[in-house]
Amino acid sequence: MSGVSAQAGAEAARAGAVAVLRTRGRAVALALLPAALAVVLLAGGPTGVLAGAGWDAARAVVSTVAVVVLVVAAAVALAVARARPAVSPTVPVTERSAPDLHRLVRDLADRLGVPAPSAIALTPDCDSWLEDRSHPALGAGAGRSGRGQAPPAPVLVIGSPFLWWMRVAELRAVLAPVVAGTGPSAQPDIIAARRFVRGLDAAAALGTEPDRGPLARLVLGGTGRVAQALLRACREEAAEMERAVAATSSERAKTVDYGLRIAAQEQVGLAYAGWDRLLNRVALPAWRIGRWPSRLDAGVVAALTELSRRDRLADGFTTRLGERPACDLLEEPGTVDESASLLAARLFHGEPAGREPEWLPVDWEGYADEVVDRTWRTEASRLHRVLDELGVPASGRPDRGEPGGATLARVLEHLAVPAGEPTAEPGGLPELTEEELAAASDDELALRTGVDIGDGPEAARTAGPRMAGDPQPGGEVRRRLAERAEELAGALAAELAREEAASPAAAPAAVGQGADETLWAGGHLPLCPLQPPRTGRELLAEHVVAMVCCSAMDTAGALPGLDWLDGPALLVRGERVADLAARVTGLVEKGDGGPLRAWLRQTGVRPEKPVRLV
């Protein structure tokens, strides 16, 4: 570490903190100015220096203004002092549950020459930081310092995926610049400046809480506007202070595993990519039905291992798995993983929206049956229920002995262009594979090429498309199908909204730090929703995919499965079907059922057979 640069960074951080405190001093002086002027005017009356009717009126006006300003200033000061600062929901890691991890952090702090963090906690995210939890409003009585004692060090928050994917040496290298931040955090001016800014931020949010009465919202709204003005006044100085603190910590951390840290940053990026994919593709479908995968951190290792198998750029990463993982620093990694997984479900999804009022855990062995199969059959049931409400007739024909009910043929007949009508302009449809081309009928080939084909696949390969200027038949049919798809998509979205509104409220579980309990009780979840609301067409495509998968499972022996990178997967003869979503999208968006029908014939799926629903 360069002593000059570290010293310069520390001085810059302290200068930024002093600038923030100077803003606080100006605000206090401005609040006391009317009172000081009133004292001068009141003192001048008895002495006869400021006598007369005009001075009497000035004393009355200035005194009134001084009282009002002092009352407002006292209200703002009380709100800033008493408001509860934002605290990240985390899973506490006590020294008894992870003595090796606490020892690693203490040794790291000793090597860096900084105070050790006061506690360690885990968060279901790919990041690490220091968090001050010594504010009296947080109820952290054990962490408060007495008069004349040094303030408690901040809490070290570690991303839980790091513990499972990183090795012990990599984790130490990544945590070095974070732990080094406890040094500047012990500087009195920086402590005071940070507490002032956090208090302003908490006071600014008081007026937005919905569970307060009109009078309380009015008063707190006024104090919040004053707090926002003070935040704007010291924003630049606070940002400069934090940048200087980060630069100082980075310089100090260069003395510990600097070369390894550069290589470990690659693992940080890889862990972030795997964690994001796991949450969006694997965990989210389970959360939507009230299930929470209880081993998410272990799942990210499986996802990244699968990525290394598929992607040549990730080759060599799995060789690290022979080294000691950082999760071995925990006494009971399974229990910690379970707590972090439930916390992730509540942070990123909120409370369960399924029929059960409480979250139910699911392990990876039961994911395919409890999540994938159930999700597909629930969505297929919802799709046919909406079709019944819209008056769509069943596809079965009793005169031919064909059963009706919940069949895939009913969906295809409702959304796909009938035989003999083009689905779109030639050239705009997905190309058929060699196997699909060999199995396609003459009518289907004619629709795709725009010419009458009498010689089968060989003529289709050489036939040219219809010219752009030629009239395209079937426009009215396509318009009616587009209206049907839009109507069905809107009805599905409305049905899903009704089901979510009718779901019973869940009783929040006691998970996370005690200081975070108000998040569960205040209805503030989810804090970080993963995806925006799905459109009606997206819902329709998902439900049609589910119906196709149910038909494949019930008539062709397919099985539900789990792909670590893509989530729920359909397994046909042990192989994952990768292009099903594209075929369904063509059906939903263009009314083109040809590719999907060709795949159904090739796979042996019988769309006219009813499927089992839930």
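Above this note sits the structure.
Participant: An account of the overall build of the protein chain is requested, with residue identities and associated values reported.
Facilitator: For the protein chain, the count of helices and strands is 21 helices and nine strands. Contacts in the protein chain between residues far apart in sequence, at least 24 positions, make up 78% of those at least 6 positions apart. About 29,300 Å² of surface is accessible on the protein chain, with carbon and sulfur atoms providing 56% of the total.

Participant: Which residues make up the sheet that holds strand 7 (residues 559–563), and what values do they have?
Facilitator: The strand order across the open sheet built from three strands is 7-8-9, with neighbouring strands paired in antiparallel fashion. Edge positions in the open sheet fall to strand 7 and strand 9 (575–576), since each of these has one partner strand only. In this structure, strand 7 lies alongside strand 8 (residues 567–572), joined through five bridges in antiparallel fashion. In the sheet register, L559 faces strand 8, and the bridge partner there is L571. Along the sheet, helix 9 (residues 258–287) makes contact with strand 7 and strand 8, crossing strand 8 at roughly 95 degrees. Along the sheet face, helix 12 (residues 367–389) touches strand 7 and strand 8 and points at about 110 degrees away from the line of strand 7.

Participant: Explain the pattern of salt bridges to me, and be specific about the residues and the numbers.
Facilitator: The full count for this structure, using the stated rule, is 28 salt bridges. When the shortest N-O distance is used, the salt bridge between E95 and R106 registers 3.0 Å. Of this pair, E95 sits in the loop between strand 1 (91–93) and helix 3 (99–112) while R106 sits in helix 3, and the two are 11 residues apart along the sequence. For E95, a relative accessible area of 40% puts it in the partly exposed group. Between E389 and R498 there is a salt bridge; the shortest N-O distance is 4.0 Å. Here the residue E389 occupies a position in helix 12, and R498 occupies one in helix 17 (residues 475–502), the gap between them amounting to 109 residues. If you follow the salt bridges from partner to partner, you end up with R382, R385, E389, E495, R498 and E499 in one network.

Participant: Go over the sheet that holds strand 1, please, and point to the residues and values.
Facilitator: With respect to topology, four strands assemble into an open sheet ordered 1-2-4-3, the strand pairing being mixed. Because the sheet does not close on itself, it has two edges, and the strands there are strand 1 and strand 3 (128–131). Going across the sheet, the axis of each strand differs from the next one's by a mean of 30 degrees, ignoring polarity. Alignment of strand 2 (residues 119–123) against strand 4 (residues 155–159), held across five bridges, turns out to be parallel. The partner of I120 across the bridge, within strand 4, is L156.

Participant: Tell me what's going on with the nonpolar core, and back it up with residues and numbers.
Facilitator: Of all hydrophobic cores here, the largest spans 107 residues; its most connected members are W287, V544, L570 and W599. If you tally residues by element for this core, the top one is helix 9, at 12 residues. Core analysis: the next-biggest nonpolar cluster, separate from the first, contains 25 residues, F196, L206, L220 and A227 among them.

Participant: An account of helix 11 (residues 333–348) is requested, with residue identities and associated values reported.
Facilitator: Relative to the 22 Å expected for 16 residues at 1.5 Å per residue, helix 11 spans 22 Å between its end C-alpha atoms, a close match to the ideal helical length. Of all the positions in helix 11, only V336, D337, A340, S341, L342, L343, A344, A345, R346, L347 and F348 are classed as buried. G350 sits one or two positions beyond helix 11 and adopts a positive phi of about 95 degrees.

Participant: Lay out helix 13 (residues 408–415) with the relevant residues and their values.
Facilitator: Counting buried residues in helix 13 gives seven out of eight residues, a clear majority hidden from the surface. Regarding helix 13, the residues found buried are L408, A409, R410, V411, L412, H414 and L415.

Participant: So what about a negative patch on the surface? Which residues, and what values?
Facilitator: Together, D363, E365, D369 and E370 line one region of the surface with negative charge. Residue placement: D363 occurs in the loop between strand 6 (360–362) and helix 12. We classify D363 as partly exposed; its relative accessible area is 38%.

Participant: Provide a residue-level description of the packing of aromatic side chains, including the pertinent values.
Facilitator: Tallying each qualifying case throughout the model produces three aromatic pairs. Geometrically, the ring pair formed by W364 and Y367 is tilted, given 5.9 Å between the ring centres and 45 degrees between the ring planes. Like Y367, W364 is buried. Plain terms: the ring middles of W364 and W564 are 4.9 Å apart, the flat faces sit at 75 degrees to each other, and that makes the pair edge-to-face. Taken together, the residues W364 in the loop between strand 6 and helix 12 and W564 in the loop between strand 7 and strand 8 connect sequence positions 200 residues apart. Accessibility expressed as a relative area gives 16% for W364, which makes it buried. Here W564 falls in the partly exposed class, since its relative accessible area comes to 22%. By the ring-pair criterion, three or more aromatic residues cluster together here, those being W364, Y367 and W564. The cationic tip of R24 hangs over the ring face of F196; the distance from NZ or CZ to the ring centre is 6.0 Å.

Rules used throughout
- Residues numbered from 1 in each chain as written.
- Predicted model: local features only at pLDDT ≥ 70, side-chain atom pairs only at ≥ 80, totals over all residues.
- Heavy atoms only, no water.
- Helix = DSSP H or I, 4+ residues; strand = E, 2+ residues; numbered from the N terminus.
- Contact = heavy atoms within 4.5 Å.
- Areas by Shrake-Rupley, 256 points an atom, 1.4 Å probe, with all protein chains shown as cover.
- Pairing = 2+ DSSP bridges.
- Axes fitted to C-alpha atoms, helices over the stretch in contact; angles between N-to-C directions.
- Salt bridge = Lys/Arg side-chain N within 4 Å of Asp/Glu carboxyl O.
- Buried < 20%, exposed > 50% of the residue type's maximum accessible area, 1.4 Å probe, protein only.
- Core = buried A, V, L, I, M, F, W, Y, C linked by side-chain atoms within 4.5 Å.
- Expected span 1.5 Å × (residues − 1).
- Patch = residues over 30% accessible without salt bridge, like charges linked within 9 Å, V, L, I, M, F, W, Y side chains within 5 Å.
- Lys, Arg positive; Asp, Glu negative; His and termini not counted.
- Charge placed at Lys NZ, Arg CZ, Asp CG, Glu CD.
- Phe/Tyr/Trp six-rings, centres within 6.5 Å; stacked < 30°, edge-to-face > 60°.
- Lys NZ or Arg CZ within 6 Å of the ring centre and 35° of its normal.

Geometric values such as these leave the question of function open.
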